[in-house]
Protein chains: 2
Amino acid sequence: MTIPPRRPLTLRDVSEASGVSEMTVSRVLRNKGDVSEATRAKVRAAAKKLGYVPNRIAGSLASSRVNLVAVIIPSLGNMVFPEVLSGISETLAGTGLQPVFGVTDYLPETEERVLFEMLSWRPSGVIIAGLEHTEASRAMLMRAEIPVVEIMDSDGAPIDACVGISHRRAGREMAEAILREGYRRIGFLGTKMPADHRARKRFEGFTRHLARAGVEIADQEFYSGGSALKKGREMTEALLSRTPDLDFLYFSNDMIGAGGLLWLLEQGFDIPGQIGLAGFNGVELLDGLPRQLATMDACRREIGREAARIIAARCANPAEGGAERVELTPLIARGDTLRRR
Amino acid sequence: MTIPPRRPLTLRDVSEASGVSEMTVSRVLRNKGDVSEATRAKVRAAAKKLGYVPNRIAGSLASSRVNLVAVIIPSLGNMVFPEVLSGISETLAGTGLQPVFGVTDYLPETEERVLFEMLSWRPSGVIIAGLEHTEASRAMLMRAEIPVVEIMDSDGAPIDACVGISHRRAGREMAEAILREGYRRIGFLGTKMPADHRARKRFEGFTRHLARAGVEIADQEFYSGGSALKKGREMTEALLSRTPDLDFLYFSNDMIGAGGLLWLLEQGFDIPGQIGLAGFNGVELLDGLPRQLATMDACRREIGREAARIIAARCANPAEGGAERVELTPLIARGDTLRRR
DNA sequence: TTGAAAGCGCTAACAT
DNA sequence: ATGTTAGCGCTTTCAA
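Numbering of residues starts from 1 in each chain and follows the order in which that chain's sequence is written. All chains are assigned letters beginning with A, and all ligands numbers beginning with 1, in the order in which they are written. Given that this is a predicted model, residues contribute local features only at a pLDDT of at least 70 and side-chain atom pairs are listed and counted only at 80 or more, while totals for whole chains, interfaces and linings are drawn from all residues. With hydrogens and water stripped out, all remaining heavy atoms of the structure feed into the side-chain values.

Caption draft 1: The arrangement of the overall build of chain A in detail. Secondary structure elements follow DSSP: runs of H or I no shorter than four residues count as helices, runs of E no shorter than two count as strands, and numbering proceeds from the N terminus. Scanning chain A from N- to C-terminus turns up 12 helices and 12 strands. Only C-alpha atoms enter the radius of gyration; for comparison, a globular chain is expected to reach 2.2 Å times N to the power 0.38, where N is the number of residues. Radius of gyration (C-alpha) of chain A: 26 Å, far over the 20 Å computed for a compact globule of 341 residues. The principal-axis extents of the C-alpha atoms in chain A amount to approximately 85 × 45 × 35 Å. Here chain A, with 341 residues, has 55% of them falling under the buried criterion. Here the contacts in chain A between residues at least 6 apart in sequence split such that 67% fall between residues at least 24 apart. Surface exposure here means Shrake-Rupley accessible area, sampled with a 1.4 Å probe, where a residue is shielded only by the protein chains that are shown. Here chain A has roughly 14800 Å² of accessible surface; of this, 51% comes from carbon and sulfur atoms. Note that His is not counted, nor are the chain ends; the positive residues are Lys and Arg, and the negative ones are Asp and Glu. Charge positions are represented by NZ for Lys, CZ for Arg, CG for Asp and CD for Glu. Seen as two clouds, the 45 positive and the 43 negative side-chain charges of chain A have centres 5 Å apart. Throughout, exposure labels follow a simple rule: accessible area from a 1.4 Å probe, protein chains only, divided by the maximum for the residue type, with under 20% read as buried, over 50% as exposed, and the rest as partly exposed. Only heavy atoms matter for contacts: two residues are in contact if any of them lie within 4.5 Å across the pair.

As structure tokens, this is what we get:
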């Protein structure tokens, strides 16, 4: 019985154990170059027996190739980002590339720090949420000379590639749909998050279209922190007790929309006759509600997939392929809460 | 105006731009060793102006120190793991350590692959969900000579440290509480996931205690995939139409419990008189439901914090500190759905 | 307080 | 098909 070493194993250990040169061992373990079947078998056996785990730090330094893709998102707290991440993992799975996640909490300075931290590992690409970054962050991304895909949003000027939806347009289309159904006394419920640029843009697109039709938001309510479902209830109650004649509530996300819906149903409101509702995101959760909340699909998984596809393609062939711009089209799902006519 | 270089900047570039030796530049950027204030300033200015991002691959190879902590979890799809991750990030934030997440989809072979992948980056520690792993995974973890914390579960033999709750006990305590309230015709609703060992253990603890009291599960229903809220509804309906005399439903997670609760309320059931309900996890979402579902807090954030604390401590002082075992105590929250008496 | 030399564990490029 | 050599960009160690 051999005594297990106190230090991590190296190629040399496998080389000695198998009687094959380090270089050939390296080739076998990477499936690179021609190695006879006999040698491969010897090496594989030795590596397995020893429990050798290659040192990618050394490998990456030597080859100046890193199989990591940095993925930077604002939050894990709501269900929107996990789905984007799934789309990314799923698509990257077959490519040898590995996603590494970083979370910014919607703070630009944190984003900057996380980005610096990740770039210091010299990843093969970056997928980052949003188009708004600090000057320093933009500078880092531009200097990095690697594919960068900004996701979720297409209203603005991307650094490189971009996959997302237009939130201004999403807001506008929802406004159109609401007006078309004949609603006029419209309330808005959202988050108190100046740094959530996508929510802000939806709001802008929404109010702008209303204004064009001569309609103004009749009342609004904002929240931060806590259970979104509960906040949705509370805000809805507050809004309606202050402005009882509202005939429509536009929620900036489905979770608060669901809370509002539950509360209104309990109170015996006639939906969508007396009051209509809409949220945003198209989360799976809505399927289980007593009524189908109207919403707009944010194409989350699709965005993840596309972004990963772009990164993978650029990594496989760095020469070709310019800065792709993919604008996805989110469709309104009218559900049961947006059909007055 | 200088022409930006086509290759990533190195220490040497900063050295040349600042007129300070590479070694001293390295010291400044790491805040290590004594360097005069004047030199520091020169170096900092040069690094900032050039937009230098250190190469951690080279740094880690040279120092054989890596600031990464591998975090391996089964899924991001439900809200249980994101909260664990938050606890970890939060606690690691001040330590210079950086979490890197990997997802296994509840597949042992995927776990093995992800683990291998992560260990090849020579992380400073591993946090991994569960106590059940393949032989190869266990072997890798043991050879790695780094702190390993298995989380979420304490029913079993950990490889090294361990932070979690006893799911058998959680199941047993819920059974006790249900029986104590006088319920006897009990239905169980859960997931079709043989690899979800924690759900399995809760189920075992639950049925075992019932058996001791001479009670058997009257009926059960399992699901996989889809919106958990919706599945909760559907399963509840199916179960009650098959076995109408049930007086209690134990759901293996809060999301399906919430679905069941909503359906029962719509049908006009008297809760908790006619039928009682309980879930598991203590998710924030429950706060916004029309009634407070009884549940058991799985201490998710706390588990993340503790695990991170252990890793950080062991990294700071590798000598001392054996394999800590932390068993947290999940408390029953009776809510509105578990109080017949 | 600063610098020079050696080498971390691997792989590219070039032998053989 | 296999081996040899020379680094990758940084930090450790030792010297000045």
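Caption draft 2: Up close: the interface of chain A and chain B. Taken residue by residue, the interface counts 50 residues in chain A and 49 residues in chain B. Buried area is understood as the total, over both parts, of accessible area removed when two parts are fitted together, assessed with a 1.4 Å probe. Taken over both partners, the interface formed by chain A and chain B buries close to 4600 Å², and the fraction arising from carbon and sulfur atoms is 63%. Considering only the side of chain A, the residues that lose the most area to chain B are Ile57, Trp121 and Arg122 of chain A, jointly responsible for 16% of the buried surface there. Just to be clear on terms, a salt bridge is a Lys or Arg side-chain nitrogen sitting within 4 Å of an Asp or Glu carboxyl oxygen. Counting across the interface, chain A meets chain B through 2 salt bridges.

Caption draft 3: Examining the side chain of Glu150 of chain B more closely. Residues and elements named next belong to chain B. Among the structural elements, Glu150 can be located in strand E4 (residues 148–153). A polar contact is formed between the side chain of Glu150 and the backbone nitrogen of Ile159, at a distance of 2.6 Å. Once residues lying within four places of it in the same chain are set aside, the contact partners of Glu150 are Ile128, Gly130, Leu131, His133, Pro158, Ile159, Asp160, Ala161, Cys162 and Val163. Polar contacts, as counted here, are pairs of nitrogen or oxygen atoms within 3.5 Å of one another; within protein the pair requires one atom able to donate a hydrogen and one able to accept it, and residues that are adjacent in sequence qualify only if both atoms are side-chain atoms.

Caption draft 4: Here's a closer look at the environment of Pro74 of chain B. Residues and elements named next belong to chain B. Residue placement: Pro74 occurs in the loop between strand E1 (68–73) and helix H5 (80–92). You can call Pro74 buried: its relative accessible area is 6%. A sequence separation of 91 residues divides Pro74 from Ile165, and the C-alpha atoms of the two residues are 17 Å apart. The contacts of Pro74, once residues within four sequence positions are left out, are Phe81, Val103, Thr104, Asp105, Tyr106, Ala129 and Arg198.

Caption draft 5: Up close: the protein's contact with DNA strand D. Whether a residue is near a molecule or strand depends on its heavy atoms: it is near if one of them lies within 4 Å of it. Surveying the vicinity of DNA strand D reveals 22 residues, the closest of which are Asp34 of chain A together with Met23, Ser26, Tyr52 and Arg65 of chain B. Among all atoms of DNA strand D positioned within 4 Å of the protein, those belonging to sugar or phosphate total 61%. Ser21 of chain A has a polar side-chain atom sitting 2.6 Å from a phosphate oxygen of DNA strand D. Leu61 of chain A has a polar backbone atom sitting 3.4 Å from a base oxygen of DNA strand D.

Caption draft 6: Just the protein's contact with DNA strand C, in detail. If you check the shell around DNA strand C, you find 22 residues, and the closest are Leu11, Ser26, Tyr52 and Arg65 of chain A together with Arg27 of chain B. Sugar plus phosphate: this is where 70% of the atoms of DNA strand C within 4 Å of the protein reside. Within the backbone of Leu11 of chain A, a nitrogen or oxygen atom sits 2.5 Å from a phosphate oxygen of DNA strand C. One of the side-chain nitrogen or oxygen atoms of Asp34 of chain B is found 3.0 Å away from a phosphate oxygen of DNA strand C. Of all the elements in the fold, those that place two or more residues in the surface near DNA strand C are helix H2 (22–30) and helix H4 (56–63) of chain A together with helix H2 (22–30) and helix H4 (56–63) of chain B. For the surface near DNA strand C, the leading source of residues is H4 of chain A, giving 4 residues.

Caption draft 7: Summary view of the nonpolar core. What makes a nonpolar core is a set of buried Ala, Val, Leu, Ile, Met, Phe, Trp, Tyr and Cys residues whose side-chain atoms join them at distances within 4.5 Å. Among the nonpolar cores identified, the biggest contains 102 residues, and Ile151 of chain A together with Ile151 of chain B are the most heavily contacted of them. If near-sequence neighbours (up to four positions away) are discounted, Ile151 of chain B is found in contact with Val84, Ile127, Ile128, Ala129, Gly130, Val163, Ile303 and Ala307 of chain B. Listed in part, the 50 residues of the second largest apolar core include Phe251, Ile271 and Val283 of chain A together with Leu261 of chain B.

Caption draft 8: Quick look at the relation of the copies chain A and chain B. Alignment of copies: least-squares fit on C-alpha atoms of residues with pLDDT of at least 70 in both copies. Superposing chain A onto chain B requires a rotation of 180 degrees together with a translation of 0.1 Å along the rotation axis, leaving an RMSD of 0.1 Å. Within this description, the copies of the chain are treated as partners about a two-fold rotation axis. By residue overlap, the copies meet face to face through one surface: 98% of the interface positions of chain A are interface positions in chain B.

Caption draft 9: Representation of the sheet that holds strand E11 (residues 325–327) of chain A within the structure. Residues and elements named next belong to chain A. DSSP calls a pair of strands paired once it identifies at least 2 bridges connecting them. Strand order in this open sheet of 6 strands is E2-E1-E3-E4-E5-E11, and the pairing throughout is parallel. What marks the edges here is a single partner per strand, and that holds for strand E2 (98–103) and E11. Across the sheet, the axes of successive neighbouring strands diverge by a mean angle of 15 degrees, strand direction being ignored. As defined by bridge partners, strand E3 (residues 125–129) adjoins strand E4 (residues 148–153) across 4 bridges and the pair is classed as parallel. Following the sheet pairing, Ala129 is matched in E4 by Ile151. Only the stretch in contact is used when fitting a helix axis, every axis being a line fitted to C-alpha atoms; angles between N-to-C directions are given from 0 to 180 degrees.

Caption draft 10: Just the packing of aromatic side chains, in detail. Ring pairs shown here join Phe, Tyr and Trp side chains whose ring centres sit within 6.5 Å, with only the six-membered ring taken for Trp; geometry is labelled stacked below 30 degrees between planes, edge-to-face above 60, and tilted in between. Taken as a whole, this structure holds 15 aromatic pairs over all chains when the rule is applied. For the ring pair Phe188 of chain B and Phe206 of chain B, a centre distance of 6.5 Å and an interplane angle of 40 degrees mean the geometry is tilted. In this pair, Phe188 of chain B is assigned in strand E6 (residues 186–191) and Phe206 of chain B in helix H9 (residues 197–212), connecting sequence segments 18 residues apart. The two residues Phe188 of chain B and Phe206 of chain B agree in class, both being buried. Ring geometry for Phe188 of chain B versus Tyr250 of chain B: centroids 5.8 Å apart, planes at 70 degrees, classification edge-to-face. Of the two residues, Phe188 of chain B is situated in strand E6 and Tyr250 of chain B in strand E8 (residues 248–251); the sequence distance between them amounts to 62 residues. Tyr250 of chain B shares its class with Phe188 of chain B; the two are buried. Put simply, the rings of Phe188, Phe203, Phe206, Phe222 and Tyr250 of chain A pair up and form one aromatic cluster. Cation placement over rings: the criterion is NZ of Lys or CZ of Arg within 6 Å of the ring centroid and within 35° of the ring normal. Against the face of Phe280 of chain A rests Arg202 of chain A, its NZ or CZ located 3.9 Å from the ring centre.

Caption draft 11: Structural context of the domain arrangement of chain A. Start and end points for every domain follow an automatic or database-based domain assignment. We note that the domain assignment places domain 1 (11–54), domain 2 (64–165 + 300–330) and domain 3 (167–298) within chain A. On a C-alpha basis, the centres of domain 1 of chain A and domain 2 of chain A stand 35 Å from each other.

Caption draft 12: Quick peek at the sheet that holds strand E9 (residues 276–278) of chain B. All names here are of chain B. Read from one edge to the other, the open sheet built from 4 strands follows the order E7-E6-E8-E9, with strand pairing classed as parallel. Each edge of the open sheet is held by one strand with a lone partner, namely strand E7 (219–223) and E9. Along the sheet, successive strands turn relative to each other by an average axial angle of 15 degrees, direction set aside. Sheet topology places E6 next to E8; 4 bridges connect them, and they run parallel. The residue bridging Phe188 from the neighbouring strand is Tyr250, located in E8. Packing against the sheet, H9 makes contact with E6, E7 and E8, and its axis sits at approximately 165 degrees to E6. Across the sheet, helix H10 (residues 228–242) lies against E6, E7 and E8, angled at about 150 degrees from E7, the strand it touches most.

Caption draft 13: Quick peek at a positive patch on the surface. Patch criteria: residues need more than 30% relative accessible area and no salt bridge. Like-charged residues are merged within 9 Å; nonpolar side chains of Val, Leu, Ile, Met, Phe, Trp and Tyr are merged within 5 Å. Judged by side-chain charge, Arg27, Arg30, Lys32 and Arg65 of chain A come together as a positively charged surface patch. Along the chain, the position of Arg30 of chain A falls in helix H2.

Caption draft 14: Representation of unusual backbone geometry in the model. Going from Ile271 of chain A to Pro272 of chain A, the amide bond is cis rather than trans, its omega being 5 degrees. Its location among the elements puts Pro272 of chain A in the loop between helix H11 (254–266) and strand E9 (276–278). In this structure, Tyr106 of chain A takes a positive phi of about 60 degrees despite not being glycine. Mapping Tyr106 of chain A onto the fold places it in the loop between E2 and helix H6 (108–119). Although it is not a glycine, Asn31 of chain B adopts a positive phi angle of roughly 55 degrees.

Caption draft 15: Representation of helix H12 (residues 300–316) of chain B within the structure. Residue and element names in this part refer to chain B. What a helix should span is 1.5 Å times the count of its residues minus one. Between its terminal C-alpha atoms H12 stretches 24 Å, which fits the 24 Å expected from 17 residues at 1.5 Å a residue. Buried within H12 we find Arg300, Ile303, Gly304, Glu306, Ala307, Ala308, Ile310, Ile311, Ala312 and Arg314. Elements that come into contact with the buried residues of H12 comprise E1, H5, strand E3 (125–129), E4, strand E5 (161–165) and strand E11 (325–327).

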